[in-house]
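# Per-entry structural report
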Amino acid sequence: MAWGSRRLGAVQPKNVQPEGQFTKCPGCAEMLFVKDLEKQLNVCRHCGHHLYMGAWKRIRAFLDEDGVEELFGELETCDPLEFRAARSYKERLEECQARTGMKEAAVIVRGRLKGIPLIVGVTDADFLMGSMGSVVGEKITRAFETAAGDKLPVVIFSGSGGGARMDEGILSLMQMAKTSAAVAHFGRTGLPYISYITNPTLGGVSASFAFLGDIIVAEPGALVGFTGPRVIKQTMRTELPKGFQTAEFMCEHGQIDMIVHRKDMRDTIARILSLLTGKEPVGAERATIA
Amino acid sequence: MSESNAFNSNMYLPFEKGLHELDVQIRRLEELSKRNNMDFGEEISNLARKREEMAKELFSRLTPWQKVLVARHPARPQTLDYVGAMCEEFIELRGDRCFADDRAVVTGLARIAGRRIMVVGQHKGRDVRERNACNSGCPHPEGYRKAILKMRLAEKFGLPIVSLIDTKGAFPGIGAEERGQSRAIAQNLQEMSVLRTPIVCVLIGEGGSGGALGIGVGDRLLMLEHAYYSVITPEGCAAILWKDHEKKEEAAAALKLTSADLKAFGVVDEIVPEPVGGAHRDPKQMAETLKAAIVRHLDELARIPMDQLVAARYERLRKTGVWRIAQAAGVEVQETARAK
């Protein structure tokens, strides 16, 4: 699907070196001290560029500290096509697992946000480009089904430069339909689903659950769209407008509700959930009414 | 019609060279016999028999990439050809009521074997002008919005939906992105999955990724024998995973995109056989075969109570995918749609 954006380099964790090292901000090229950067939730203190944030780091930064429980971690990836390109799927998958310490691109947890119980999902853009194969699709689907059963809101952080995962062929494509159907059924419970788009969200992830949120939020500067910019540029043989497919561009074109700085994600989502459901968050800053 | 049409179309695929040569010989003999008033009847029928055998043999063992070429054949019947051949009546309905009328998607009220239906289909266009107007069957968001608008209409009036899929993919353009290509497709997937009317989808040619799926969620998925359905075009896959566009044949094989593969995965319910040489060699027969299959499935679905139908549609999607469950003592493999 919509693979291949030159800007994907910006999300690779190679920008974030091991502790004690410096890293270059992809936004302003300033050298950043990694320990500082982590304290800033991987946001550049000079230009505000939102750097890549891994799934578990995101979950820790977003949810209350206590009572985070991973769900569906037992689902493991198979190789139904016995897919082999220049390298085999199995090889690519194992290498990615070893590098990231994750089993798959999606992590689903049950936890609390300022005391509000909810289900949170993250697709990690660094795991096979955050692409959706059977396991990612199944985990997202189960997240909605479990939330419906337990009457919990859902927040999904999507990050996927890869869209539907090529290595699982048509089965990946079907995950788009499966997750979208799960959102449809979840929608009937009257519970909120907030889609939180991070850099980058393209292709089959974008054209399924990510764009089906009751409310769609995006991080500043995130690349958002169906077809990646490089493919559009090549196919159409045209220059792209400035800022094309950034979250800000998409917001101006009416595709998303709001841009939220990473430091505000807890407060903003808690307030939205509170306004939607009437549940009071604990310790959320209220909007001041003049 | 089929033979002369096949020759006049003069569009042989690279692997049909042998057929082309035989056709040339047959035509020469026919001309010769006409001009000189000689009888080459026996030679001609021998050659014709040989051609028939060769075509049968060739098309029974097409490689995945060859199937892609057949699915993209410029003379392959398209949505409007099928509508014209299968339906007694068709009233086209246009526009998405928001922005435009996307010619890449055709929608309308129709009657097929006496049954009232809503037709939704992607149309590529035949000549240059029509292809330009249709963007060669690559829909913009307006196409998906038009489709879902007419499908809601179908639900309201209790009409089953027949969706004919034939696209290389959703249109990759600036305007398409500005107007929400992702959202348009996603919304169709969401709404089609719970629409309270039967939906029969047919892959008639190219099934290009999310662009195809955007009108492809339903109760049945039929697939023409030589159509393909893939998460990405073989060329795109080759460019990304081999870093080489020329590896498209390998990519086509690796992606498991043929009707037989998809049947084995349980994604496709029924393969609709094509005439020897592909649908374009005998469009009339193809339309007849397809019509019979569509009508049979419409009648089956009509007997299922609506709640049960919608629940079954979710179950159908719910079971797609292959994974295994890790357990403390070993690993249990779930055998859902496993490839042969």
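Being a predicted model, the structure only gives us computed values, none of them experimental. (Residues numbered from 1 in each chain as written. Chains lettered and ligands numbered in written order. Predicted model: local features only at pLDDT ≥ 70, side-chain atom pairs only at ≥ 80, totals over all residues. Heavy atoms only, no water.)

This part takes up the overall build of chain B. From N to C terminus, chain B includes 15 helices and ten strands. Relative to the 2.2 N^0.38 estimate, which gives 20 Å for 340 residues, the radius of gyration of chain B is 22 Å and therefore close to what a compact globule would have. Looking at chain B as a whole, 55% of its 340 residues qualify as buried. Pairs at least 24 residues apart make up 69% of the contacts formed inside chain B by residues separated by at least 6 positions. For chain B, the exposed surface amounts to about 14400 Å²; the carbon and sulfur share of it is 51%. Of the side-chain charges in chain B, 50 are positive and 47 negative, and the distance between the mean point of each set is 3 Å. (Helix = DSSP H or I, 4+ residues; strand = E, 2+ residues; numbered from the N terminus. Rg over C-alpha atoms; globule rule 2.2 N^0.38 Å. Buried < 20%, exposed > 50% of the residue type's maximum accessible area, 1.4 Å probe, protein only. Contact = heavy atoms within 4.5 Å. Areas by Shrake-Rupley, 256 points an atom, 1.4 Å probe, with all protein chains shown as cover. Lys, Arg positive; Asp, Glu negative; His and termini not counted. Charge placed at Lys NZ, Arg CZ, Asp CG, Glu CD.)

Let us look at the domain arrangement of chain B. Residue and element names in this part refer to chain B. Entries for chain B in the domain assignment read domain 1 (14–61) and domain 2 (69–318). On a C-alpha basis, the centroid separation for the pair domain 1 and domain 2 is 35 Å. Roughly 580 Å² of surface becomes buried between domain 1 and domain 2 when both sides are summed, with 67% attributable to carbon and sulfur atoms. Where domain 1 packs against domain 2, one counts one salt bridge. Taken together, the links from domain 1 to domain 2 amount to one residue pair in polar contact (both at pLDDT 80 or more). Grouping the amino acids of the side of domain 1 that touches domain 2 by side-chain chemistry returns four nonpolar, no polar and four charged. (Domains from an automatic or database assignment. Buried area = accessible area lost by both parts, 1.4 Å probe. Salt bridge = Lys/Arg side-chain N within 4 Å of Asp/Glu carboxyl O. Polar contact = N/O pair within 3.5 Å; in protein donor to acceptor, adjacent residues only side chain to side chain. Nonpolar A, V, L, I, M, F, W, Y, C, P; charged D, E, K, R; others polar.)

Taken together, the 64 residues of chain A in the interface contact 52 residues of chain B. Roughly 5000 Å² of surface becomes buried between chain A and chain B when both sides are summed, with 69% attributable to carbon and sulfur atoms. Contact with chain B buries surface across chain A, with A:Met166, A:Ile170 and A:Phe226 losing the most and accounting together for 12% of the total. The interface formed by chain A and chain B holds three salt bridges in total.

Quick look at unusual backbone geometry now. Residues and elements named next belong to chain A. Omega for the peptide link from Asn199 to Pro200 comes to -20 degrees, which places this bond in the cis form. Considering the arrangement of structural elements, one finds Pro200 in strand 8 (residues 193–201). In this structure, Lys114 is a non-glycine residue whose phi angle is positive, near 50 degrees. Here Lys114 is to be found in the loop between strand 5 (106–113) and strand 6 (116–123). Even without glycine at this site, Met129 takes up a positive phi of about 60 degrees. Positionally, Met129 belongs in the loop between strand 6 and helix 4 (134–150).

A separate point is the confidence of the model for chain B. Scored by pLDDT, chain B has a mean of 93; 93% of the residues are at 70 or more. For the stretch residues 1–7 of chain B, pLDDT sits under 50, and the model shows twelve contacts to residues farther than four places along the chain or on other chains. (pLDDT = per-residue confidence, 0-100.)

Bringing the packing of helix 2 (residues 17–36) of chain B against helix 3 (residues 41–60) of chain B into the picture now. Residue and element names in this part refer to chain B. For the pair helix 2 and helix 3, the least separation of the axes is 10 Å and the interaxial angle reads 165 degrees. In terms of orientation, helix 2 and helix 3 fall into the roughly antiparallel class. When the axes of helix 2 and helix 3 are compared, the crossing they make is left-handed. In this structure, helix 2 contributes Gly18, Leu19, Leu22, Asp23, Gln25, Ile26, Leu29 and Glu30 to the contact, and helix 3 contributes Glu43, Ile44, Leu47, Ala48, Lys50, Arg51, Met54, Ala55, Leu58 and Phe59. Here the contact of helix 2 with helix 3 is built from residues that sort into eleven nonpolar, two polar and five charged. (Axes fitted to C-alpha atoms, helices over the stretch in contact; angles between N-to-C directions. Parallel < 35°, antiparallel > 145°, perpendicular 65-115°, else oblique. Left-handed = near helix turned anticlockwise from the far one by under 90°.)

Further remarks concern the pairing of strand 7 (residues 154–160) of chain A. All names here are of chain A. Most of strand 7 is tucked away: seven of the seven residues are buried. Because side chains alternate across strand 7, one face comprises the buried residues Val154, Ile156, Ser158 and Ser160, and the other comprises Val155, Phe157 and Gly159, equally buried. Both strand 6 and strand 7 contribute to a ladder of four bridges, which runs parallel. Considered in strand 7, the bridge of Ile119 is made with Val154. (Pairing = 2+ DSSP bridges.)

A few words on a nonpolar patch on the surface. Side chains of A:Phe22, A:Met31 and A:Phe33 sit close together on the surface and give an oily, nonpolar patch of about 300 Å² of accessible area. For A:Phe33, a relative accessible area of 32% corresponds to the partly exposed category. (Patch = residues over 30% accessible without salt bridge, like charges linked within 9 Å, V, L, I, M, F, W, Y side chains within 5 Å.)

All names here are of chain A. Position of Ile140 among the secondary structure elements: in helix 4. Taking the C-alpha atoms as reference, Ile140 lies 34 Å from Lys24; in sequence the two are 116 residues apart. Excluding residues within four positions of it along the chain, Ile140 makes contact with Ile108, Thr123, Ile156, Thr179 and Phe209.

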